[in-house]
Amino acid sequence: MTRPEPGGTPESLGAAASRAAESASGGPGATPRAGGPAGGPAAGAGRGSAGEWPLWEVFVRARRGLSHNHVGSLHAPDAALALRNARDVYTRRQEGVSIWVVPAAAITASSPEEKDAFFDPAGDKPYRHPTFYDIPEGVQM
Amino acid sequence: MSEREGAQRERGATTAVRPEGRGLDSREERGMTDLVLYTLYLADDALVLAQRLGEWAARAPELEEDVALANIGLDLLGQARPLLAYAGEVEGAGRGEDDLAYLREERDFRNCLLVEQPNGDFAATVVRQLYFSTYQLGLYRALAGSADPTLAAVAAKAAKEVDYHRDHAAGWTVRLGDGTAESHGRMQRAVEALWPYTGELFEADDVLRRLVAAGIAVDPAELRVDWDREVGAVLAEATLDRPEPGWQHTGGRRGVHTEQLGYLLAELQYLHRLHPGARW
Amino acid sequence: MEALPEQAGDPEQAGERAAFEAIVETDQRVEPRDWMPEEYRKTLVRQIAQHAHSEIIGMQPEGNWITRAPSLRRKAILMAKVQDEAGHGLYLYSAAETLGASRGELLDLLHAGRQKYSSIFNYPTLTWADVGAIGWLVDGAAITNQVPLCRCSYGPYARAMVRICKEESFHQRQGFESLYRLSHGSPAQKAMAQDAVDRWWWPSLMMFGPPDDTSEHTAQSMAWRIKRHTNDELRQKFVDMCVPQAEVLGLTLPDPELRWNGERGHYDFGPIDWDELRRVIRGGGPCNRQRLEHRVRAHEEGRWVRDAAVAHAAKAARRGSEPAA
């Protein structure tokens, strides 16, 4: 997965998904980050079975007047299926909800505890846990 | 026509007449009214397809698809149940939804042959869904204007659900038709294998003709043009070739099915039949 | 790349560790981007993943009966239940992925037999009554286990558990209701129900894991508030819940030593065959091979579909068009 461009133009979901798809097959998207493990943020979507669907985060607004809340994630090959799957999985018991799906790779995060990092020029951080590693052969999880 | 016949005809309750030129009537057809039969056409389509989709549990290509296929199956079952109940009510012989689902035999089922075809691979399931949901959506949208309030109500609610089913099938048709060489090949084979089951969807028979005249049923022939255009558009976007016109299977509405239905019913019905009168 | 080994005596690490421990000790939630000990992260990935695997493998024994359900209402209920289980698997894989594992990797580990799923699903559903017994006993045991996890220290896992528990209570009630109909039905139905309970009772007790004095992971998991009660505590709670419910059902539980102990304020119950649990965990249950083969086959047979969807998305993006709706 490529790093989100700092202050760049918002990318269309289709393009993000496409880059995700390419890096899933080890294509041009998988740029290593300095000091980080190969594969960069949300690299989980790029490993495991080849051709794995990229990861999307799901936000749901239960009814008018409330705000969208993060409810979880799912895998889908494109935005349209991500929306459908989100509707099927996260709103099965309700009607009339509003759903946002966002490629996990498009989310930039910052946490209050990281006082120093906030002022770090390379301030983009992945949304998910930063320590990814390849599980060596033969290791019992 | 006598006054009584005229009144009956208005209610759509004329006794079914032996369909012209077709020898093999199911035994129950004599005495069964048009409205009951028509409702069973609709109910059995939904029931048999729901049964097929139930076979996909824990087998789908991705966990999200397990959820999606179960949704479609549950919607269809949710259409079948009130339709079966209504058929039993109109018949007035004390049969409920379970009696009709579990105690009729092969020759008494009225589903189209398309829905009883086996799931096959995911491509075959998607194509079956594309063909059927596109038809069922057109049908329900029109049926929402039926003179029969029960059918109209079921159709109005179901149309929203089936819009979603059709959308799901169309999306997958395009993804798989225009995906990899393998997926394209599987889709093209499925498109061709199931095409001969589509003609039956648009056939009229005497039951339909009478009920259409009474404003109750939808004339399936009128659904054909839109169906051709919509399915054609999806196939084209999916880079799939539309099959040549050719011979079409028929017989489902008369209870003349393919060999598939017997096995499907054996599995569906055996436990219920093993315990006559039991409550579950 | 391997995980960086923790530097003992590194002052920044000590500060982060103290912050982590403070969060846990004050019953707050650890969130995905907080510093956490590597062992905590690995333990959670394993526990959440195995929980997710259990949900999806669990779809099989019950999914078996969808096409044979003896009434349309039961068919609908069962389809909805199995669908919920797929959904629960999704919530849990989602939680595990916040810790740096990918769903694909976790599934690969399951398929290779290197991660496990709950041993209860290695038993067969032989009759319709088994479906009810699973709802009552297996879901009952799962709920007993899961409610405390709603307060587990790791935020995404706790939140997934809250969602799951809400849905699971429906499953347990439906199972109980199904068994009740059977036990109050014909003699054949009642016999079917009793037979199912006779076969599912002991394996359900084994779901809570080995006894506390032999369980390896318990102490550390409890310190980290990943686990909130011990195996034996939860098992006892489950037994105490089921005995009166069995009485309502009019069914017996296959344990001659089951009796109320006024002094303890709990039901005493007979010895569990731990050899059986060990054997089933190691692969010697009636359905281990079958469950895994079914799961692997579904995954393999679906590969062309997943690959096609990825290929299509890439094509659509290259054209600058939206992928299929």
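Residues numbered from 1 in each chain as written. Chains lettered and ligands numbered in written order. Predicted model: local features only at pLDDT ≥ 70, side-chain atom pairs only at ≥ 80, totals over all residues. Heavy atoms only, no water.

### Quick look at helix 11 (residues 288–301) of chain C
Residues and elements named next belong to chain C. Helix length check: helix 11 (14 residues) gives 20 Å between terminal C-alpha atoms against 20 Å at 1.5 Å per residue, within 8%. For helix 11, the full list of buried residues reads Asn288, Arg291, His294, Arg295, Ala298 and His299. Take helix 11 and look down its axis: the buried residues cluster within an arc of 150 degrees, on one side only. Pointing more than 90 degrees away from the buried face of helix 11 are the exposed residues Arg289 and Glu301. Against helix 2 (38–63), helix 4 (103–111), helix 10 (274–281) and helix 12 (303–319) lie the buried residues of helix 11. (Helix = DSSP H or I, 4+ residues; strand = E, 2+ residues; numbered from the N terminus. Expected span 1.5 Å × (residues − 1). Buried < 20%, exposed > 50% of the residue type's maximum accessible area, 1.4 Å probe, protein only. Arc of directions from axis to C-beta. Contact = heavy atoms within 4.5 Å.)

### Here we look at the environment of B:Leu271
Mapped onto the elements, B:Leu271 comes out in helix 11 (residues 259–274). What makes B:Leu271 buried here is its relative accessible area of 4%. A C-alpha to C-alpha distance of 9.1 Å links B:Leu271 and B:Tyr102, two positions 169 residues apart in sequence. Once you skip the residues sitting within four places of it in the chain, B:Leu271 turns out to touch B:Trp280, C:Trp65, C:Arg68, C:Pro70 and C:Trp128.

### Here's the deal with the nonpolar core
Judged by nonpolar contacts, the single largest core of 199 residues is most densely connected at B:Tyr38, C:Trp128 and C:Tyr154. The biggest single contributor to this core is helix 2 (residues 34–54) of chain B, with 14 residues. Other than its neighbours up to four places away in sequence, B:Tyr38 contacts B:Leu139, B:Leu143, B:Leu151, B:Val207, B:Leu208, B:Leu211, B:Ile216, B:Ala217 and B:Val218. (Core = buried A, V, L, I, M, F, W, Y, C linked by side-chain atoms within 4.5 Å.)

### Considerations on the state of the cysteines
On inspection of all chains with the given rule, the structure shows 0 disulfides over all chains. C:Cys150 supplies the cysteine sulfur nearest to C:Cys165, a cysteine that is in no disulfide, at a spacing of 3.6 Å. (Disulfide = S-S within 2.5 Å.)

### Quick word on the sheet that holds strand 2 (residues 69–75) of chain A
Residue and element names in this part refer to chain A. Strands sit in the order 2-1-3 across an open sheet of 3 strands; the sheet is antiparallel. Edge positions in the open sheet fall to strand 2 and strand 3 (98–103), since each of these has one partner strand only. Across the sheet, the axes of successive neighbouring strands diverge by a mean angle of 30 degrees, strand direction being ignored. As defined by bridge partners, strand 1 (residues 55–61) adjoins strand 2 across 6 bridges and the pair is classed as antiparallel. (Pairing = 2+ DSSP bridges. Axes fitted to C-alpha atoms, helices over the stretch in contact; angles between N-to-C directions.)

### Section: the side chain of B:Asp75
You can see B:Asp75 is positioned in helix 3 (residues 63–91). Despite its burial, B:Asp75 pairs with no opposite charge; the closest candidate is A:Arg87, at 6.0 Å N-O. Of the polar contacts made by the side chain of B:Asp75, one reaches the side chain of B:His165; its length is 2.8 Å. Setting aside chain neighbours within four positions, we find B:Asp75 in contact with B:Glu161 and B:His165. (Lys, Arg positive; Asp, Glu negative; His and termini not counted. Salt bridge = Lys/Arg side-chain N within 4 Å of Asp/Glu carboxyl O. Polar contact = N/O pair within 3.5 Å; in protein donor to acceptor, adjacent residues only side chain to side chain.)

### Points about the interface of chain B and chain C
Taken together, the 50 residues of chain B in the interface contact 47 residues of chain C. Both sides of the chain B and chain C interface together cover about 4200 Å² of buried area, and 64% of this is carbon and sulfur. Looking at the side of chain B facing chain C, the largest losses of area belong to B:Leu63, B:Arg175 and B:Trp280, adding up to 18% of the total buried there. Seen at the junction of chain B and chain C, the total is 4 salt bridges. Linking B:Glu62 and C:Arg103 is a salt bridge whose minimum nitrogen-to-oxygen distance equals 3.1 Å. The interface formed by chain B and chain C contains 20 residue pairs in polar contact (both at pLDDT 80 or more). Elements supplying a minimum of two residues to the side of chain B that touches chain C: helix 2, helix 3, helix 4 (97–103), helix 6 (122–143), helix 7 (149–177), helix 8 (181–194) and helix 11 of chain B. Across the side of chain B that touches chain C, the residue classes break down as 24 nonpolar, 10 polar and 16 charged. (Buried area = accessible area lost by both parts, 1.4 Å probe. Nonpolar A, V, L, I, M, F, W, Y, C, P; charged D, E, K, R; others polar.)

### Quick look at unusual backbone geometry
Most peptide bonds take the trans configuration, and most residues that are not glycine carry a negative phi. Even without being glycine, B:Ala58 reaches a positive phi, approximately 65 degrees. Checked against the element boundaries, B:Ala58 lands in the loop between helix 2 and helix 3. Look at C:Arg225: it is not a glycine, yet its phi comes out positive at around 55 degrees. Residue C:Arg225 is classed as partly exposed on the basis of its relative accessible area, which comes to 21%.

### Remarks on the confidence of the model for chain A
All names here are of chain A. Here chain A averages 58 in pLDDT, and 39% of its residues register 70 or above. Across chain A, the element-wise mean pLDDT spans from 32 in helix 1 (residues 13–24) up to 94 in strand 3. Across residues 115–127, confidence stays below pLDDT 50; counting only partners more than four residues off in sequence or on other chains, it has 22 contacts. Note on residues 129–141: pLDDT is under 50 here. Beyond four places in sequence and across chains, it has 39 contacts. (pLDDT = per-residue confidence, 0-100.)

### Points about the environment of C:Tyr267
All names here are of chain C. Turning to its location among the elements, tyrosine 267 is positioned in strand 2 (residues 266–268). The class of tyrosine 267 is buried, set by a relative accessible area of 15%. With 30 residues separating them along the chain, tyrosine 267 and lysine 237 place their C-alpha atoms 9.2 Å apart. With sequence-adjacent residues up to four places away left out, tyrosine 267 is seen in contact with Gln236, Val239, Asp240, Val243, Pro244, Leu258, Arg259, Trp260 and Asn261.

### Concerning the side chain of C:Thr43
If you trace the backbone, C:Thr43 turns up in helix 2. A polar contact of 2.7 Å, which involves the side chain of C:Thr43, links it to the backbone oxygen of C:Glu39.

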